[in-house]
Amino acid sequence: EAAVTQSPRNKVAVTGGKVTLSCNQTNNHNNMYWYRQDTGHGLRLIHYSYGAGSTEKGDIPDGYKASRPSQENFSLILELATPSQTSVYFCASGGTGVSAETLYFGSGTRLTVL
Amino acid sequence: GEKVEQHESTLSVREGDSAVINCTYTDTASSYFPWYKQEAGKSLHFVIDIRSNVDRKQSQRLTVLLDKKAKRFSLHITATQPEDSAIYFCAASYSGTYQRFGTGTKLQVVP
């Protein structure tokens, strides 16, 4: 069973502050993803990565940066957090093929920006 | 880019009855269609998928149907049980792109 671990589980941040969400996977998957979940929008992709050192923009990258320093770790960075970034964030990992692969999700991080 | 629409936001069925959740997609190039389940307060996990080279796939009580002409796919759950209550997400992707998700259908199985 694929294992994807996110930290923290919950985070409260202030407007304008910097927030870093972390994700670790132990399955040697090449591809990792950051989604956010909002009622009425489902899951929307923010950034993804094909492997260490690579980051790509998803559908809603504005206001977010990503970092993939190793195969196992993928971080999402909010340099200047805003209340509109209050959401639940999910990290996921997949295999080698970008499109036709099962995604394994972490437990999620609930971020509140005040 | 691809857009996936999930038509039922909520669905309530009696225990033992069947449930059907429908999704449509826009890009004819889409070739992979997975479904994920999210139980209350938990993360998503994969339940079943279908690829464009077939039009039906079954796994125990779950069946996925794919109609490429109509750009529509559906999840059928037979003999529903209380543990089937969850939010179900459909997704679609094509070669070289990432999965895009529908907005989710909350399925409630009532006794």
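As a convention, each chain's residues are numbered from 1 in the sequence order in which they are written. Chain labels run from A onward and ligand labels from 1 onward, assigned in the order the entries are written. Local features in a predicted model are, by the rule used here, given only for residues with pLDDT of at least 70; side-chain atom pairs are given and counted only at 80 or more, and totals for whole chains, interfaces and linings are based on all residues. Calculated side-chain values reflect all of the structure's heavy atoms, with hydrogen atoms and water omitted.

> Sorry, what's going on with unusual backbone geometry here?
Across residues other than glycine, the phi torsion is negative in most instances, and most of the peptide bonds are trans. Note that the residue after S7(A), namely P8(A), is joined by a cis bond; omega there is -5°. Positive phi outside glycine occurs at K71(B), with the angle close to 55°. Residue placement: K71(B) occurs in the loop between β7 (62-67) and β8 (72-77). Only protein chains enter the accessibility calculation, which uses a 1.4 Å probe; a residue is then buried when its area is under 20% of its type maximum, exposed when over 50%, and partly exposed in between. K71(B) sits in the partly exposed class, given a relative accessible area of 24%. Secondary structure elements follow DSSP: runs of H or I no shorter than four residues count as helices, runs of E no shorter than two count as strands, and numbering proceeds from the N terminus.

> Would you mind going over the state of the cysteines with me for this structure?
Two cysteines whose sulfur atoms are joined by a covalent bond form what is called a disulfide. All names here are of chain B. Disulfides are defined as cysteine sulfur pairs within 2.5 Å. The final tally for this structure, using the stated rule, is two disulfides over all chains. Disulfide pairing places C23 opposite C90 at an S-S distance of 2.0 Å. Handedness here is read from the sign of the S-S torsion; for C23 and C90, about -100°, the answer is left-handed. Placement of the pair is C23 in strand β3 (residues 19-25) and C90 in strand β9 (residues 86-92), with a sequence separation of 67 residues. Look at C90 and you get buried, because its relative accessible area is 0%.

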